[in-house]
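# Observations on the three-dimensional arrangement
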Amino acid sequence: MLKLQIIGHLGQDAVIKDFGTSKYISFSVAHSESYTDKQGVKVEKTQWVSCLKHGESAVLQYMKKGTKVYVEGQLSAKTFDKDGHTQIALNCNVSHIELLSSKPEGQNSGSESPTPQTESVRTEPTSGNQVPPPEGDDLPF
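Before going into details, it helps to say that this report is about the structure given with it. Here the structure is a predicted model, which means the values were calculated and not measured.

What follows covers the nonpolar core. When a protein is soluble and globular, its nonpolar side chains tend to lie buried together. One finds Phe27, Val29, Cys51, Met63, Val71, Cys92 and Val94 to be the most contacted residues of the largest nonpolar core, which totals 19 residues. When contributions to this core are tallied by element, the ones reaching two or more residues are β1 (3–10), β3 (22–36), β4 (42–54), β5 (68–82) and β6 (85–99). Here this core gets four residues from one element, more than from any other, and that element is β6. Not counting residues up to four positions away in its chain, the partners in contact with Phe27 are Leu10, Gln12, Ala14, Val49, Ser50, Cys51, Met63, Val71, Val94 and Ile97.

Right, dumping it as structure tokens:
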């Protein structure tokens, strides 16, 4: 199994999609990195990952465009041909979602409703000595 961990911002509001008799939450996460190249020019690269989480969830109502999230799941990649060029799409079958911001960045509202911080569905056994991921924006990376 390839485990994928992503910290980024939602590209659009999360939606429920039906696939036959199953329901999934569908959303995309953007992760941006920036650096200065040899010529002193700032370069910013953004990677997009499409995510699917099986079932419905209470956090869906808080998953709005721009919200910062931590997503964990299994990696899958698909290749396809677009205009004669081979493209690769990164996908994540989500097992854990953690909201890192209570509202999309850049939006101010007069009233804040309480926000659940995590929604977790573990598929592998866990041991009692595991340390849970840190909460909030004080991540070391």
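Bringing the pairing of β6 into the picture now. In this structure, β4 lies alongside β6, joined through three bridges in parallel fashion. Bridge pairing links Ser50 to Asn91 in β6. In this structure, β5 lies alongside β6, joined through 14 bridges in antiparallel fashion. In the strand pairing of β6, Val71 is matched with Ile97.

Mapped onto the elements, Glu98 comes out in strand β6. For Glu98, a relative accessible area of 2% translates into the label buried. For Glu98, the side chain forms a polar contact with the side chain of His96, separated by 3.3 Å.

Take Lys53: it is sitting in strand β4. Remark: the alpha-carbon pair of Lys53 and Ile25, spanning 28 residues in sequence, is separated by 5.1 Å.

What the rule picks out here adds up to one aromatic pair. Note on Phe19 and Tyr24: the rings are 5.3 Å apart at their centroids and 70 degrees apart in plane angle, and the pair reads as edge-to-face. Phe19 sits in the partly exposed class, given a relative accessible area of 45%.

Summarising the sheet, β1 and β3 pair through two bridges and their orientation is antiparallel. Bridging from a neighbouring strand, Leu10 pairs with Val29 of β3. For strand β2 (residues 15–19) and β3, the ladder comprises five bridges, and the chain directions are antiparallel. Paired with Phe19 across the strands is Ser22, a residue of β3. The antiparallel pairing of β2 with β3 creates a hairpin that spans two residues between the two strands, and Gly20 there sits at a positive phi of about 70 degrees.

Quick look at the environment of Lys42 now. The residue Lys42 is located in strand β4 in this model. Not counting the four nearest positions on each side in its chain, Lys42 is found in contact with Ser34, Tyr35 and Thr36.

Definitions and limits used
Per chain, residue numbering runs from 1 following the sequence as it is written. Since the coordinates come from a predicted model, pLDDT governs what is reported: local features require at least 70, and pairs of side-chain atoms require 80 or more to be given and counted, while whole-chain, interface and lining totals use all residues. To get the side-chain values, all heavy atoms of the structure are used, and hydrogens and water are removed first. Throughout, nonpolar core names a set of buried Ala, Val, Leu, Ile, Met, Phe, Trp, Tyr and Cys residues whose side chains join them through atoms within 4.5 Å. Relative accessibility thresholds used throughout: buried, under 20% of the residue-type maximum; exposed, over 50%; partly exposed, between the two (1.4 Å probe, protein chains only). Comment: elements are numbered from the N terminus, with helices defined as DSSP H or I runs of at least four residues and strands as E runs of at least two. By definition in these notes, contact holds between two residues if any of their heavy atoms fall within 4.5 Å. Criterion used throughout: strands pair if DSSP finds at least two bridges between them. A 3.5 Å cut-off defines polar contacts: any pair of N or O atoms within that distance qualifies, except that in protein one atom must be a possible hydrogen donor and the other a possible acceptor, and neighbouring residues in sequence count only when both atoms are side-chain atoms. Pairing of aromatic rings covers Phe, Tyr and Trp, the last counted by its six-membered ring, and requires centre-to-centre distances within 6.5 Å; plane angles under 30 degrees mean stacked, over 60 mean edge-to-face, and any other angle means tilted.

Spatial relationships are all this shows, so hold off on functional conclusions.
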